[in-house]
Every structure is written in C-alpha cells, then in structure tokens.
Amino acid sequence: MQALFPVVTRTDRASRSADALLLTLIVVHVISVWVFAYFPTQDGPSHVYNANLLREFDEFSVYRQYFVLNLHPDPTWFGHTALAGLMGVFPPLVAEKVLISVYVILLPLCARYALKPLRPGAEFLALLAVPFTFNNLLHMGFYGWAMSLPMAFLLLGYWFRNAECLTPKSTVVLAVLSMLLYLNHIVSLVMAYAAIAVLLLAAIAMDLRTARRRNAVNPRVAWKVLMARAWKPFLAFLPTVLLVAIFLLPKETRIAEVANPISRLAHVAGMTSLISYNPWEAAFSIALACVFAGLGVYFLRRKVVRRSFERKDLLLLIFPVWLAISTTAPETVVVSATGGEGGWFMRDRLNLFPYFALLLWFGTQIYTPALKRKVQFASVFATVGL
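Residues numbered from 1 in each chain as written. Predicted model: local features only at pLDDT ≥ 70, side-chain atom pairs only at ≥ 80, totals over all residues. Heavy atoms only, no water.

**Examining the nonpolar core**
Nonpolar side chains tend to gather and get buried jointly when the protein is soluble and globular.
Right, on to step 1. One finds Leu 125, Phe 132, Phe 153, Trp 159, Phe 292, Trp 322 and Phe 362 to be the most contacted residues of the largest nonpolar core, which totals 100 residues.
Right, on to step 2. The dominant element in this core, judged by the number of residues it contributes, is helix α6 (residues 143-162), at 13 residues.
Right, on to step 3. Once you skip the residues sitting within four places of it in the chain, Phe 153 turns out to touch Leu 107, Cys 110, Ala 111, Tyr 113, Ala 114, Phe 356, Leu 359 and Leu 360. (Core = buried A, V, L, I, M, F, W, Y, C linked by side-chain atoms within 4.5 Å. Buried < 20%, exposed > 50% of the residue type's maximum accessible area, 1.4 Å probe, protein only. Helix = DSSP H or I, 4+ residues; strand = E, 2+ residues; numbered from the N terminus. Contact = heavy atoms within 4.5 Å.)

**Quick notes on empty space enclosed by the protein**
The gaps left among the atoms become clear once a water-sized probe is rolled over them.
Right, on to step 1. Evaluated as defined, the whole model comprises 3 cavities of 30 Å³ or more.
Right, on to step 2. If you go around the second largest cavity, the residues you meet are Leu 149, Ala 152, Phe 153, Leu 156, Trp 322, Phe 353 and Phe 356.
Right, on to step 3. Elements that contribute at least two residues to the lining of the second largest cavity include exactly α6 and α14 (353-362).
Right, on to step 4. Among the elements that make up the lining of the second largest cavity, the one with the highest residue count is α6 (4 residues).
Right, on to step 5. The residue makeup of the lining of the second largest cavity, split by class, is 7 nonpolar, no polar and no charged. (1 Å grid on protein atoms, 1.4 Å probe; cavity = no way out; pocket = protein on both sides within 12 Å on 5 of 7 lines; lining within 4 Å. Points joined across faces, edges and corners; volume = space filled by probe spheres on them. Nonpolar A, V, L, I, M, F, W, Y, C, P; charged D, E, K, R; others polar.)

**As for the side chain of Thr 383**
Right, on to step 1. Turning to its location among the elements, Thr 383 is positioned in helix α15 (residues 369-385).
Right, on to step 2. In this structure the side chain of Thr 383 is engaged in a polar contact, spanning 2.7 Å, whose partner is the backbone oxygen of Ser 379.
Right, on to step 3. Contact partners of Thr 383, with chain neighbours within four places excluded, come to Leu 25, His 29, Val 130 and Pro 131. (Polar contact = N/O pair within 3.5 Å; in protein donor to acceptor, adjacent residues only side chain to side chain.)

**A closer look at the pattern of salt bridges**
Right, on to step 1. Scanning the model with the defined rule gives 8 salt bridges in all.
Right, on to step 2. Residues Arg 229 and Glu 164 are paired through a salt bridge, measuring 2.7 Å at the closest nitrogen-oxygen approach. In this pair, Arg 229 is assigned in helix α9 (residues 219-248) and Glu 164 in the loop between α6 and α7 (168-184), connecting sequence segments 65 residues apart.
Right, on to step 3. For Glu 164, a relative accessible area of 21% gives the class partly exposed.
Right, on to step 4. In this structure, the salt-bridge partner of Lys 303 is Glu 310, at a minimum N-O distance of 3.7 Å.
Right, on to step 5. Residue class for Lys 303 comes out buried when judged on its relative accessible area of 7%. (Salt bridge = Lys/Arg side-chain N within 4 Å of Asp/Glu carboxyl O.)

**What to know about unusual backbone geometry**
Right, on to step 1. Positive phi is not limited to glycine here, since Met 271 has a value of about 50 degrees.
Right, on to step 2. Secondary-structure assignment places Met 271 in the loop between α10 (261-269) and α11 (280-306).

Dropping the structure here:
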C-alpha cells in the first residue's frame, strides 16, 4: 500500500513566522471574549443554567422533584458536562468564558494539526481557519456543536498521520477521538466519517488499480486489499456507530423542511454562517468565500495545465461530498420519547464544511512566498473585519 499522507516534521522560518501570527490572532480572540462582561449568545444562558443544575443534582437536591437525569450517552454531553465541571472551580459566567476560550484556542490549532502532515509548511494555512471562529452557531450558544469543529479537525489530522499503519494503540486512540466527537455533535461526526470513507474508497481503488497493472486482480486480492484498508478503521469506529444507533433508533425522525439545493448553495457561497449581528459581516464573509474560490480555481487550473495531479489531491474529493451533503440535507427533527426535538439549523451547521474541505486540499499544494503573504493578508483582513 502506498501512503497518501507521509508524515512531515520539517518546520522552516516562514512557518515559525506564520505560527507567531496565528498565536497573535488567537490571543486577540481570547481577549475579546474576556474584555466584556457577557459573551453574547442566544442559548448560552440556558446551557449555563442546565450545567449548574447538573452540578447540583445530588440525592438531596430539590431539582429531583421536577427533573429526571438523562444518563443515556447522547451526542450533547460534552458542552453541559464540561461547563458543570468548570463550575466546580469557577463561577458560572467565568466557566462559560473558559469553555469559549478553549474553543477559540482549539479551532485554529486543531486545523493546524490536520494540515501539518499534508506538506512541509502547510500549517500556515491554519490562519484561514481563524475567521470561522466567531460563527453564528457559536453566537446562538451551541457550545457542543462549536467544540465539534476542532474535534473534527483533530480526528482527521490523526487519521492523516496513522491511516496507513494503524497499530493497536493508534486504533484505540482513533476510537476515543471518534467518541469524543460524537459527544460534541453528531453532525460533525457524520461529516468526518464521510471524509474518511471517501479517502478509504479512493485508496482502495488506487490499490486495486496498481494490482491490475501487475495482472494480479482477482476476488481474493480484492478482498485482501479491502481488509488491509478497512478492518482496523471498522474496529475503531464501531463503538461510536453503536452509540449513534442507540441514540437514534428509539427516536422518531421526521423531515421538517426539504432542502432547496439552489438556496442552500447560495448560503454556502455567501458563507452566511459567519453572519451574526451586523450586515457588514456579509461583506467580509463573501470576501473570505472569494479568497477560497480564487485559491481553488488557481490550484485546480495549475494542476490541469501542468498535469501534476498526485495522490494527495484525493483530498479534493471531500469537497463535492461535503458540498452535496450541505446543499441537500433536510432540516431533520429528532423527536425523543418525551417529545423533545432536536436537529434544527442543519443549513447553518453544514455550510462551513465545504470550505474546511478546500482548506485541507490547499494544504497539499505548493506556495510561493508571495502567495503565502497574500493568503496571510486575506486571513488577517477577514478575521479583523469580522
């Protein structure tokens, strides 16, 4: 089997400069969380209240007269349990800001972690993840979903590093990361699994193509290639898949609204998930979308003209898959046995992922110093503007 993503460890001077700029932007974001008395969200206060309720839900609590503790491993645990744990050390409002700060720090750092094994110096592109930090879903107070974004990058980054040689240890780590992502949000888990499935199928197809060139393709060889690629990931992801089944099977699922692909595509193109409070945010989100589109066209054209496609370019296959999901997934409502509903805002949750797919593919490309500076400037411009 040929490695799709050989691990890269070299760090040059330009990468260190980019890391310093990335750290500066992260610090500015964290300061902006703490400089005001409140971080403005829609549902954040109710999540803080629920977390405090969990913390005080002991056998003597008056809450037991009104609430039943849900011990099922649902994919919303992390935000509430993390807040409840932080409240054991900090006051509620401080605990909320600590959790938001952890997310603000982790999103670009986990993006950097996913980019680093793709090509020497690719980690500078983590700057392009920074403008996504203060998105609309975070301002709606969806802390679990927000934390699922860095967790998705972390899972994919670990996959890039270990997909070709999964040891028992790395298989266990992959399983743990998968379950952590599930406990943050099931949508990001599905998107990460879709990306890994695409890369697995592409790798299997290329292995079979190599075997055919050697006139060695038969059902036994095909089965051997499939098992060599798939059985360890299957073992790693099986516990999480079982958790998903346990969560979904007892519930009724209904479609609240069928997606309009044209309308969804317009929302993706306008990057509307970055618009929270001010119409001017649209100008900067569209400008950022144009940066991604321009880079995508530039690199694709260069690949076609030079006929320089390589195995790493298989990462581009994630983009149409994530785009298709983002533009066709319905507004699904999951109804629990007690009548509770979930699964709203699918459009806003999904329309960032096509850009994340492009970001990962950009990490496989070669950059001139001038192009690096332009990307850095665009990232800082969009980040400060938003």
